Amino acid sequence: GANAQPQTGERRDVFRHRVPSPLPRWRSVSCQRAPVQHQCQCQSRASLSSLMLPRSLARRAAAACTARHGSRCLSTAAADQTYDLAVVGGGVMGVWAAIAAAKRGASVALADQFEPAHVHGSSHGDGRIYRLAYEQDHYVDMMERSLPLWHELQEAAGEPLLARTGGITVADAAAAGENRNDALRAIYARRGIPHETLSAAATNERFPQFSLSPSLEALYQPDFGVLFASKSVAAAWAYARALGVDTYVPFRAAAFRSDGGQGQGSVVLSEQGAELRSRSLVVAPGAWLSSLSHTLFGLRIPTRVSAETVCYYRPQAESAGSTRGPVPDHSYRSMPVFIFQTENGCEGMSGMGYYGLPTIDVPGVKASAHYCGPTVHPDARPAAAGGP
């Protein structure tokens, strides 16, 4: 597959860029620096003590912090700005909520406890699959609505953020009445989604990166692809800022209260004592949903957070006597993404199977089993699960 660039004549929604509002009148500035560490190392925190400054110097300090970190530093004294919307959590869901509101003309603040595209949640990595391989209509709807937005982001960023590779969903063709590709074929046919059923031999011929056993079949769909995850999240933050969104990092939410007791707004307080005021609030904390919803609102939302392990496999040289020729290209430019609808042996989730992506930045083909990792707290992962 080639990089998925916007097509000539493709319809685009036209929107007006909003001029960012001026900086709030800072009285005291507390600038928390939290550099991102390599891979799964702990996030270090070093803080500058609050400085009681004249207003002019405080503004200069805040501007310097913005220039250094790309985001503002909130005042420990309440700023005089109330946003139309505050979004707490800047992964994929949070940053796109901020973008959507800003495109409608709202004043928006986006806050996260870490730097954009950090490695502590689930919105990072060199690549993630996008696909139409869902048996439920609402997931297909979400895919069809979101893909044009990723192309819009790619156009705004001026660099490749996703690539169309096509994809195969592999299942046991001999399992009478239990072929898990049947449900996908049905929804593809009903919705007019192009697809093709390939035998194991046909799959191996078309995609020589694979060597399926004769009992398997592949359901090919040409519109699968890979999203360059970390690059896309970073680009989305830049896009949000270009639309006038004010961003604040690090901001680790610690408390919530109604603003003024009139029920017309909210205040989210950070662990550092900063206040973020808004008329509406979106909380998109990812793996921190259960703990943060209880901390802020007293809600108990049960979730299971797991630390999933992915592996990268280097393509091996052909064995002696092989007639398949030289090692084929295993990059996203030639190899489709793949999903295996087979038992993966994981307790309680064995039927979820495996998935994999071609080589992107990390050398090797990425592969993993679905939902096989240990249950963890996102702030206390063991070393075996990516913790310190």
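Refer to the structure above for everything that follows.
Residues numbered from 1 in each chain as written. Predicted model: local features only at pLDDT ≥ 70, side-chain atom pairs only at ≥ 80, totals over all residues. Heavy atoms only, no water.

Asks: Help me understand the overall build of the chain in this model?
Replies: Scanning the chain for helices and strands turns up 7 helices and 20 strands. The contacts of the chain with a sequence gap of at least 6 include a subset with a gap of at least 24, amounting to 68%. With the model as given, the accessible surface of the chain reaches about 19600 Å², and the carbon-plus-sulfur share is 54%. (Helix = DSSP H or I, 4+ residues; strand = E, 2+ residues; numbered from the N terminus. Contact = heavy atoms within 4.5 Å. Areas by Shrake-Rupley, 256 points an atom, 1.4 Å probe, with all protein chains shown as cover.)

Asks: When you look at the packing of aromatic side chains in this model, what are you seeing that I'm missing?
Replies: The geometry of an aromatic ring pair comes down to the distance between the two centres and the angle between the two planes. The tally for this structure, following the rule as stated, stands at 9 aromatic pairs. One aromatic cluster is present, built from ring pairs that chain together Phe-210, Phe-338 and Phe-340. Over the face of the ring belonging to Tyr-134 we find Arg-131, whose NZ or CZ atom lies 4.4 Å from the ring centre. (Phe/Tyr/Trp six-rings, centres within 6.5 Å; stacked < 30°, edge-to-face > 60°. Lys NZ or Arg CZ within 6 Å of the ring centre and 35° of its normal.)

Asks: How should I be thinking about a nonpolar patch on the surface in this particular structure?
Replies: Taken together, the side chains of Phe-256, Phe-297, Leu-299 and Ile-301 define a hydrophobic patch exposed on the protein surface, amounting to about 310 Å² of accessible area. Relative to the elements of secondary structure, Phe-297 occurs in helix H7 (residues 289-297). Accessibility expressed as a relative area gives 33% for Phe-297, which makes it partly exposed. (Patch = residues over 30% accessible without salt bridge, like charges linked within 9 Å, V, L, I, M, F, W, Y side chains within 5 Å. Salt bridge = Lys/Arg side-chain N within 4 Å of Asp/Glu carboxyl O. Buried < 20%, exposed > 50% of the residue type's maximum accessible area, 1.4 Å probe, protein only.)

Asks: What should I look at first to understand unusual backbone geometry in this one?
Replies: Glycine aside, residues mostly have negative phi, and peptide bonds are mostly found in the trans state. Look at the link from Val-249 to Pro-250: it is a cis peptide, with omega at -10°. Among the structural elements, Pro-250 can be located in the loop between strand S13 (246-248) and strand S14 (253-258). Notably, Ala-117 is not glycine yet its phi reads approximately 60°, a positive angle. Tracing the backbone through its elements, the reader meets Ala-117 in the loop between strand S6 (108-111) and strand S7 (128-130). For Tyr-371, which is not glycine, the phi dihedral falls at a positive 55°. Within the secondary structure layout, Tyr-371 lies in the segment after strand S20 (365-369).

Asks: Quick question: what am I supposed to make of the nonpolar core here?
Replies: General note: in soluble globular proteins, nonpolar side chains tend to be found buried as a group. Within the largest apolar cluster, 46 residues are counted, with the highest numbers of intra-cluster contacts made by Val-95, Ile-99, Val-108, Leu-153, Tyr-188 and Val-226. In this structure, Val-170, Ala-200, Ala-218 and Val-365 belong to the second largest nonpolar core, which totals 14 residues. (Core = buried A, V, L, I, M, F, W, Y, C linked by side-chain atoms within 4.5 Å.)

Asks: Please explain helix H4 (residues 181-191) as it appears in this structure.
Replies: Each α-helix winds once per 3.6 residues, and so residues spaced three or four apart point in a common direction. Residues of H4 that are buried include every one of Asn-181, Leu-184, Arg-185, Ile-187 and Tyr-188, and no others. Buried residues along H4 sit against helix H3 (137-157), strand S9 (167-172), strand S10 (196-199) and strand S11 (216-221). Phi turns positive, to about 70°, at Gly-192, one or two residues after H4.

Asks: Is there a simple way to explain the environment of Leu-147 in this structure?
Replies: Positionally, Leu-147 belongs in helix H3. A sequence separation of 16 residues divides Leu-147 from Arg-131, and the C-alpha atoms of the two residues are 9.7 Å apart. Excluding its chain neighbours within four sequence positions, the residues that come into contact with Leu-147 are Tyr-130 and Leu-162.

Asks: Would you mind showing me how to read the environment of Thr-82 here?
Replies: With respect to the element layout, Thr-82 can be found in the loop between helix H1 (55-69) and strand S5 (83-88). With 26 residues separating them in the primary sequence, Thr-82 and Val-108 have C-alpha atoms 9.3 Å apart. Those residues within four positions of Thr-82 in sequence are excluded, and the remaining contacts are Ser-107, Asp-259, Arg-277, Ser-278 and Arg-279.

Asks: Please clarify how the pattern of salt bridges should be interpreted in this entry.
Replies: Between side chains of opposite charge, pairing is possible as soon as their charged atoms come close. A complete count under the given rule lists 15 salt bridges for this structure. Among the ionic pairs, Asp-223 bridges to Arg-164, the shortest N-O distance being 3.1 Å. Of the two residues, Asp-223 is situated in the loop between S11 and strand S12 (225-227) and Arg-164 in strand S8 (residues 162-164); the sequence distance between them amounts to 59 residues. A salt bridge links Asp-379 to Arg-252; its shortest N-O distance comes to 2.5 Å. Here Asp-379, found in the segment after S20, pairs with Arg-252, found in the loop between S13 and S14; they are 127 residues apart in sequence, far enough to count as distant.

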